[in-house]
Amino acid sequence: MITILDKTFVPFIDRAKIEERIGELASQISTDYKDRCPVFIVVLNGAFLFATELVKKVPLSCEITFVKLSSYTQTQSTGRVREIIGLEETISGRDVIIIEDIVDTGLTMNQLLEQIAKLNPASVEIATLLHKPDALLKPIDMRYIGFEIANRFVVGYGLDYDGLGRNLDALYVIS
Ligand code: 5GP
């Protein structure tokens, strides 16, 4: 059990299992994108560890870039993506793979997909470490999902609680 601020978390998915699953996703991506040169768009902050492990295991010629999402704050509901910060590469005509930490309600991902579609990529797929199917509000086509999990708050492996816990090398769930 670990404590972060006022909450306690218990072990959920250990590092070996996470890395084994990431290996499987990487093999799938390597097969699907054989002879292509995809652009991975890593969504910061949460996806940084997942992306690091994933791209190391994909022996394709590829590009990797990072974006941060700017959301409306305070009076607006959370999860509203206002703009994508940092996407300097031209993705028009490219095969894009978005790397995300978790798709929960899907609001963030839906809006990110809309923004990316405006840049005319050839294709867009999603690789997410975690997905909470019970929380999803609108269907999203996600080709690469690490783990489908129950609708409970998790930390570790890039995911934070109030800014803390991202450096944990395994996933923990709130107890
Ligand atoms: P959405 O609800 O738009 O799909 O997810 C928005 C964001 O909420 C995710 O990118 C992630 O940063 C955060 N989030 C959703 N569920 C969890 C969770 O269980 N743990 C943590 N740490 N963050 C979460």
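See the structure shown above.
Residues numbered from 1 in each chain as written. Predicted model: local features only at pLDDT ≥ 70, side-chain atom pairs only at ≥ 80, totals over all residues. Heavy atoms only, no water.

A. Layout of the site of the ligand. Close contacts around the ligand come from 15 residues, with Thr105, Thr108, Lys132, Val154 and Asp160 the closest. Within the side chain of Thr105, an N or O atom sits 2.5 Å from an oxygen atom of the ligand. Put simply, the parts of the chain that give the shell around the ligand at least two residues each are strand 6 (95-103) and helix 3 (107-117). With 4 residues, the top contributor of residues to the shell around the ligand is strand 6. Considering only residue class, the shell around the ligand consists of 6 nonpolar, 3 polar and 6 charged. (Near = heavy atom within 4 Å. Polar contact = N/O pair within 3.5 Å; in protein donor to acceptor, adjacent residues only side chain to side chain. Helix = DSSP H or I, 4+ residues; strand = E, 2+ residues; numbered from the N terminus. Nonpolar A, V, L, I, M, F, W, Y, C, P; charged D, E, K, R; others polar.)

B. Main features of the side chain of His131. Tracing the backbone shows His131 in strand 7 (residues 123-131). The class for His131 is buried, based on a relative accessible area of 4%. In contact with His131, other than residues within four places in its own chain, are Val103, Leu136, Met142, Ile145, Phe147, Glu148 and Ile149. (Buried < 20%, exposed > 50% of the residue type's maximum accessible area, 1.4 Å probe, protein only. Contact = heavy atoms within 4.5 Å.)

C. Structural detail: the packing of aromatic side chains. One pass over the full model with this rule turns up 3 aromatic pairs. Between Phe9 and Phe153, the aromatic rings sit 6.4 Å apart at their centres with planes inclined by 45 degrees, giving tilted as the arrangement. A residue pair is termed long-range when its members are at least 10 positions apart, and Phe9 in strand 2 (residues 7-13) and Phe153 in the loop between strand 8 (144-148) and strand 9 (154-155) qualify at 144 residues. Pairing Phe9 with Tyr161 gives two aromatic rings, centres 6.1 Å apart and planes at 55 degrees, and the pair type is tilted. Remark: Tyr161 occurs in the loop between strand 9 and strand 10 (171-174) and Phe9 occurs in strand 2; sequence separation between them is 152 residues. Here Phe9 matches Tyr161 in class, with each residue buried. (Phe/Tyr/Trp six-rings, centres within 6.5 Å; stacked < 30°, edge-to-face > 60°.)

D. Representation of the sheet that holds strand 2 within the structure. The 4 strands lie next to each other as 1-2-10-9, forming an open sheet whose pairing is antiparallel. What marks the edges here is a single partner per strand, and that holds for strand 1 (2-4) and strand 9. Note: strand 2 against strand 10, 4 bridges, orientation antiparallel. In the sheet register, Val10 faces strand 10, and the bridge partner there is Val173. (Pairing = 2+ DSSP bridges.)

E. Geometry of the nonpolar core. In terms of nonpolar packing, the biggest core is built from 30 residues, with Ile18, Ile29, Leu54, Ile99, Leu129, Leu130 and Leu171 touching the most fellow members. At the level of elements, helix 1 (15-32), strand 3 (39-44), helix 2 (48-56), strand 6, strand 7, strand 8 and strand 10 are the ones that each hand at least two residues to this core. When residues of this core are assigned to their parent elements, the largest contribution, 5 residues, is made by helix 1. Leave out the neighbours within four places in its chain, and Ile29 touches Phe40, Leu54, Val58, Leu60, Ile97 and Tyr144. By size, the runner-up hydrophobic cluster in this structure holds 19 residues, among which are Val81, Ile84, Val96 and Ile140. (Core = buried A, V, L, I, M, F, W, Y, C linked by side-chain atoms within 4.5 Å.)

Read these as geometric descriptors, not functional statements.
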